[in-house]
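Next come the chains, spelled out residue by residue.
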Amino acid sequence: MKVVLAAVNAKYIHSNLAVYSLKKYAEKYGNNEHEIVIKEYTINQYVDEMIADIYREHADVLGFSCYIWNIEYIIQIINDLKTINSDLQIIVGGPEVSYNPEEVLARHSNIDYVMYGEGEEIWKQFLDHYVDGRLQKQKINGLAYKSPEGIKINPVMQPVDLSKIPFVYDSMDNFKHKIVYYETSRGCPFSCSYCLSSIDKNIRFRDLDLVRKELQFFINNRVEQVKFIDRTFNCNPDHALEIWKYIKEHDNGITNFHFEIAADLMTKEELELISDMRPGLIQLEIGVQSVNQKTLEAIHRKTDIDKIEKVTRTIGKNHNIHQHLDLIAGLPYEDYASFGHSFDRVYAMRPDQLQLGFLKVLHGADISEEAKEYEMVYSSRAPYEVLKTKWITFDEILKLKEVEAVLEIYYNSLQFSVTINKLEKYFDSPFQMYEKLGQFYHRNSLNGAKHARVSRYVLLRDFIEQEFDLTQEERSQWEEALTIDFYLRENAKSRPVFSKDLTPYREKIKKIYRNPQLISKLQGYAGCSSKQIEHMTHIEILEDKYILFDYQNRDVLSKSAAMIDVTDYLQY
């Protein structure tokens with residue numbers, strides 16, 4: 001029998017750990033009588049292309065890994081393929097279908113089976129009991145299916161020993177330039193009402209001897225990024241410490257490891273261990289969600305905001321670890337003003353990125369049962385995003401969408417830090433600044449058009465000119481800040497309109513590049529000619545000083561070029 005396991009990922013750089021894990025587990029423990037083929041696509045591909053590619057496999061069974069970002073695409077694919085071949089057996093699994101398998105089967109006539117719960121052992125038994133085109137359905141725990149008597153839901157499958165799940169990566173050939181996903185634990189100690197992970201309280205860990213061997217595989221293969229999908233990586237400090245120690249001691253200078261942690265659980269020993277890691281070795285994602293205590297209580301989230309603030313600032317002082325902090329709009333008891341306060345407090349922690357997300361009312365999560373009480377109105381389409389609540393209107397949600405848009409462009413991109421840091425001082429709060437900037441950006445984005453990179457600088461300049469009555473000197477200072485931001489990230493040969501004319505300085509700039517001592521000032525340019533260095537760097541006139549932007553030596557976290565004062569090199 002031929003089986004296709006298909007995944008529709010959000011981006012090309014993503015991979016789907018689930019389908020690889022199912023395949024490996026069945027091959028190791030199953031009867032090996034079936035051919036299993038993995039197919040990965042993205043939501044940016046045409047559905048017709050995916051349908052044609054899957055059809056050409058002429059599979060007997062087709063399985064899909066279902067999530068909120070891909071379910072609409074998957075249903076289209078399933079319906080068309082079933083129309084073409086009614087004998088094709090369709091099995092689905094994943095968080096978007098396992099919350100209520102009976103409802104999924106009743107709603108979608110072309111889905112034959114639903115796996116609910118952890119999939120590895122269910123999938124293995126599904127294949128083992130599929131003999132001569134017939135399936136002994138009743139013998140497979142964790143399986144829901146249709147029968148002449150109606151929809152049947154078999155008993156739940158017991159969780160798998162995490163250490164028995166095979167390592168899915170034999171070779172990295174299929175994962176070049178992609179984020180590699182890896183897990184060392186399952187389950188979550190918290191009970192956040194908006195999250196499906198809170199359903200599984202049975203926290204299990206992969207054997208550390210296995211983990212060390214697998215980490216070394218990533219290190220040896222110089223993988224660019226390994227993203228741990230452990231829901232709260234540091235819920236067991238001993239487990240976290242051992243992994244961080246191994247990564248630190250075996251650092252290859254290239255691989256980055258991403259972890260989702262609870263900052264308020266960080267211990268002194270953990271903070272000391274990571275304090276002098278190579279910049280860029282690890283990055284941390286920290287969910288704050290809100291600082292409103294009534295909100296946190298309502299969503300059953302036990303969070304020490306003061307501890308999070310202290311920990312994130314302690315980590316930030318060392319400038320070696322990228323910190324990504326999350327907020328969620330639309331939670332219970334969080335009105336517009338309260339969210340603005342949450343925003344300002346988290347912003348003050350100075351994360352490298354601050355993600356403003358919107359509540360997804362997920363089927364199966366506790367908050368879906370509480371939605372009526374909170375007067376939550378949310379989209380009937382995946383990802384089921386909140387539209388309004390008892391505390392926040394849709395008009396206010398739209399204003400927060402504007403804030404989210406400019407936050408991504410002007411803060412999270414790390415491309416406007418000089419100008420934004422200067423601009424913050426002129427507003428009562430960061431939230432007020434982004435609120436006004438968001439409204440301005442929206443008014444100047446006709447029909448939702450995306451602005452080119454240079455246009456975003458020009459728009460920021462126009463916003464500043466609208467907000468303040470500037471003197472010519474002040475306008476020049478703002479344009480200089482924008483120029484610094486522009487050249488920190490890009491050695492552009494086309495000069496932006498807001499930058500001063502360098503024509504009067506051309507000869508002096510060339511004189512600096514011809515100075516033979518310049519190469520000793522720079523790192524990584526040995527053997528380069530003055531013309532090569534001029535092409536690879538940029539010199540800007542800032543406050544009557546000649547500042548060289550060195551693109552071969554960038555800040556690891558911000559990706560900004562090094563800035564070097566080369567004014568003295570006019571003399572030789």
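Treat the numbers as computed from the prediction; the structure is a model and nothing was measured.

A. Spotlight on the overall build of the protein. Helices and strands together make up the secondary structure of the protein, namely 21 helices and 22 strands. Structurally, the protein occupies a C-alpha span of about 90 × 55 × 50 Å along its principal axes. Looking at the protein as a whole, 54% of its 572 residues are labelled buried. The contacts in the protein between residues at least 6 apart in sequence include a share of 70% that link residues at least 24 apart. When the accessible surface of the protein is summed, it comes to about 26800 Å², and 47% of that surface belongs to carbon and sulfur atoms. Side-chain charges in the protein split into 70 positive and 86 negative, and the spacing between the mean points of these groups amounts to 3 Å.

B. Focus on the sheet that holds strand S3 (residues 61–65). Read across the open sheet, the 7 strands follow the order S2-S1-S3-S4-S5-S8-S9; overall the sheet is mixed. Whereas interior strands pair on both sides, the edge strands pair on one side only; in this sheet they are strand S2 (35–42) and strand S9 (150–153). When strand polarity is set aside, the average angle formed by the axes of neighbouring strands in this sheet is 20°. Note: strand S4 (residues 89–93) against strand S5 (residues 113–115), 2 bridges, orientation parallel. By the bridge assignment, Val92 is partnered in S5 with Val114. The strands touched by helix H2 (residues 47–55) are strand S1 (2–9), S2 and S3; relative to S2, the strand with the most contacts, the crossing angle is about 170°. Its contacts with the sheet place helix H3 (residues 71–84) against S1, S3 and S4, and it is angled at close to 170° to S3.

C. Expanded view of helix H15 (residues 417–424). Buried within H15 are the following residues: Thr419, Ile420, Leu423 and Glu424. Viewed along the axis of H15, the buried residues span an arc of 130°, placing them on a single side of the element. Looking at the buried positions of H15, the neighbouring elements they touch are helix H12 (336–347), helix H14 (394–412), helix H16 (430–443), helix H17 (453–467) and helix H18 (472–489).

D. Quick peek at the sheet that holds strand S13 (residues 225–228). Here 6 strands make up an open sheet; going across it, the order is S10-S13-S14-S15-S16-S17 and the pairing parallel. Of all strands in the sheet, those bounded by a partner on one side alone are strand S10 (180–182) and strand S17 (353–358). For this sheet, the mean inter-axis angle between neighbouring strands, taken without regard to orientation, is 25°. On top of the sheet, helix H7 (residues 208–220) reaches S10, S13 and strand S14 (256–261); it is set at about 175° to S10, its chief contact. Across the sheet, H14 touches strand S16 (322–329) and S17, and the angle it forms with S17 is around 155°.

E. The pattern of salt bridges, seen in detail. According to the stated counting rule, one finds 33 salt bridges in the structure shown. Taking the shortest distance from any N to any O, the salt bridge between Glu385 and Lys360 comes out at 3.2 Å. Taken as a pair, Glu385 in the loop between strand S18 (377–378) and strand S19 (386–388) and Lys360 in the loop between S17 and helix H13 (366–370) lie far apart in primary sequence, 25 residues in all. Judged by its relative accessible area of 17%, Glu385 is buried. Take Lys360: its relative accessible area is 26%, and that puts it in the partly exposed class. A single salt-bridge network, built from bridges that share partners, covers Glu118, Glu120, Glu183, Arg186 and Arg204.

F. Main features of a nonpolar patch on the surface. Side chains of Val377, Leu387, Phe394 and Leu398 sit close together on the surface and give an oily, nonpolar patch of about 300 Å² of accessible area. Mapping Leu387 onto the fold places it in strand S19.

G. Geometry of H12. Taking 1.5 Å of rise per residue, 12 residues should cover 16 Å, and H12 covers 16 Å from first to last C-alpha, within 8% of that figure. Looking at the buried positions of H12, the neighbouring elements they touch are strand S15 (282–289), S16, S17, H14, H15 and H16. Where H12 starts, the residue carrying a side-chain oxygen 3.3 Å from the main-chain nitrogen of Ala337 turns out to be Asp335.

H. Representation of empty space enclosed by the protein. Taken as a whole and assessed by the stated rule, the structure comprises 1 cavity of 30 Å³ or more. For the largest cavity, the lining is made up of 13 residues, of which Leu17, Ile165, Pro166, Tyr182 and Glu183 are closest to its centre. Those elements giving two or more residues to the lining of the largest cavity turn out to be helix H1 (17–29) and S10. Within the lining of the largest cavity, the residues separate by chemical class into 9 nonpolar, 1 polar and 3 charged.

I. Expanded view of the packing of aromatic side chains. A full pass over the atoms with the stated rule returns 45 aromatic pairs. When the centroid spacing of 5.2 Å and the interplanar angle of 50° are considered together, the rings of Tyr426 and Phe468 count as tilted. Here Tyr426 is found in the loop between H15 and H16, whereas its partner Phe468 is found in the loop between H17 and H18, with 42 residues between them in sequence. We classify Tyr426 as partly exposed; its relative accessible area is 47%. Each member of the aromatic cluster is reached from another via a ring pair, and the members are Tyr20, Phe167, Tyr169, Phe175, Tyr182, Phe217, Phe218, Phe228, Phe233, Trp244, Phe257 and Phe259. It is Lys178 that lies over the ring of Tyr12; its NZ or CZ is 4.7 Å from the centre. Here Lys401 stacks its cationic end above the ring of Phe358, 4.1 Å away from the centre of that ring.

J. Representation of the nonpolar core in the model. Core analysis: the largest hydrophobic core is formed by 138 residues, its most contacted members being Trp123, Phe126, Tyr169, Trp244, Phe259, Ile282 and Phe343. Within the second largest apolar cluster, 30 residues are counted, among which are Tyr41, Leu62, Ile71 and Val114.

K. A look at the packing of H12 against H14. The geometry of H12 relative to H14 is characterised by a closest axis approach of 11 Å and an angle of 15° between their N-to-C directions. Between H12 and H14, the angle is such that the two are roughly parallel. Considering only the axes of H12 and H14, their crossing is right-handed. Residue-level inspection shows Tyr336, Phe339, Phe343 and Tyr347 of H12 in contact with H14, the latter providing Glu396, Lys399, Leu400, Val403, Leu407 and Tyr411. Classifying every residue of the contact of H12 with H14 gives 8 nonpolar, no polar and 2 charged.

Parameters at a glance
- Going along each chain's sequence as written, the residues are numbered from 1 onward.
- Local features in this predicted model are restricted to residues whose pLDDT is 70 or higher, and side-chain atom pairs enter the listing and the counts only when it is 80 or higher, whereas totals over whole chains, interfaces and linings include all residues.
- Note that the side-chain values use all heavy atoms of the structure and ignore hydrogens as well as water.
- A run of H or I in DSSP counts as a helix once it spans at least four residues, and a run of E counts as a strand once it spans at least two, with each numbered from the N terminus.
- Exposure classes here rest on a 1.4 Å probe applied to the protein chains alone. A residue is buried below 20% of its type maximum, exposed above 50%, and partly exposed in between.
- Whether two residues are in contact is decided by their heavy atoms, any of which lying within 4.5 Å being enough.
- Accessible surface is estimated by sampling points in the Shrake-Rupley manner with a 1.4 Å probe; for residues, cover comes only from the protein chains shown.
- Positive: Lys, Arg. Negative: Asp, Glu. His and the chain ends are not part of the count.
- By convention, the point assigned to a charge is CZ for Arg, NZ for Lys, CD for Glu and CG for Asp.
- Pairing between strands is defined by DSSP: at least two bridges between the two strands are required.
- Axis lines are fitted to C-alpha atoms, over the contacting stretch for helices. Their N-to-C directions set the angle, which ranges from 0 to 180 degrees.
- The arc refers to the directions leading from the helix axis to the C-beta atoms.
- Whenever Lys or Arg places a side-chain nitrogen within 4 Å of a carboxyl oxygen from Asp or Glu, that contact is recorded as a salt bridge.
- Two joining distances apply to patches: 9 Å for like charges and 5 Å for nonpolar side chains (Val, Leu, Ile, Met, Phe, Trp, Tyr), and every residue must have over 30% relative accessible area and no salt bridge.
- In a helix, the anticipated span is given by 1.5 Å times the number of residues less one.
- By the criterion applied in these results, polar contacts are pairs of N or O atoms within 3.5 Å in which, for protein atoms, one can donate a hydrogen and the other can accept it, and in which residues neighboring in sequence qualify only through two side-chain atoms.
- Method remark: on a 1 Å grid restricted to protein atoms, a set of points is classed as a cavity if a 1.4 Å probe fits but cannot get out and as a pocket if it is open with protein on both sides within 12 Å along at least five of seven lines; lining residues have an atom within 4 Å of a point.
- Grid points are joined across faces, edges and corners, and a volume is the space filled by probe spheres set on the points.
- Each residue is assigned to one class: nonpolar for Ala, Val, Leu, Ile, Met, Phe, Trp, Tyr, Cys and Pro, charged for Asp, Glu, Lys and Arg, and polar for all the others, Gly among them.
- Whether two aromatic rings pair depends on their centres lying within 6.5 Å, for rings of Phe, Tyr and Trp, where Trp uses its six-membered ring; planes under 30 degrees apart make the pair stacked, over 60 edge-to-face, and the rest tilted.
- Cation placement over rings: the criterion is NZ of Lys or CZ of Arg within 6 Å of the ring centroid and within 35° of the ring normal.
- What we call a nonpolar core is a set of buried Ala, Val, Leu, Ile, Met, Phe, Trp, Tyr and Cys residues that are connected through their side-chain atoms within 4.5 Å.
- Note on terminology: angles under 35 degrees are roughly parallel, angles over 145 are roughly antiparallel, angles of 65 to 115 are roughly perpendicular, and the others are oblique.
- The hand of a helix crossing depends on one turn: near helix anticlockwise from the far one by less than a right angle means left-handed, and clockwise means right-handed.

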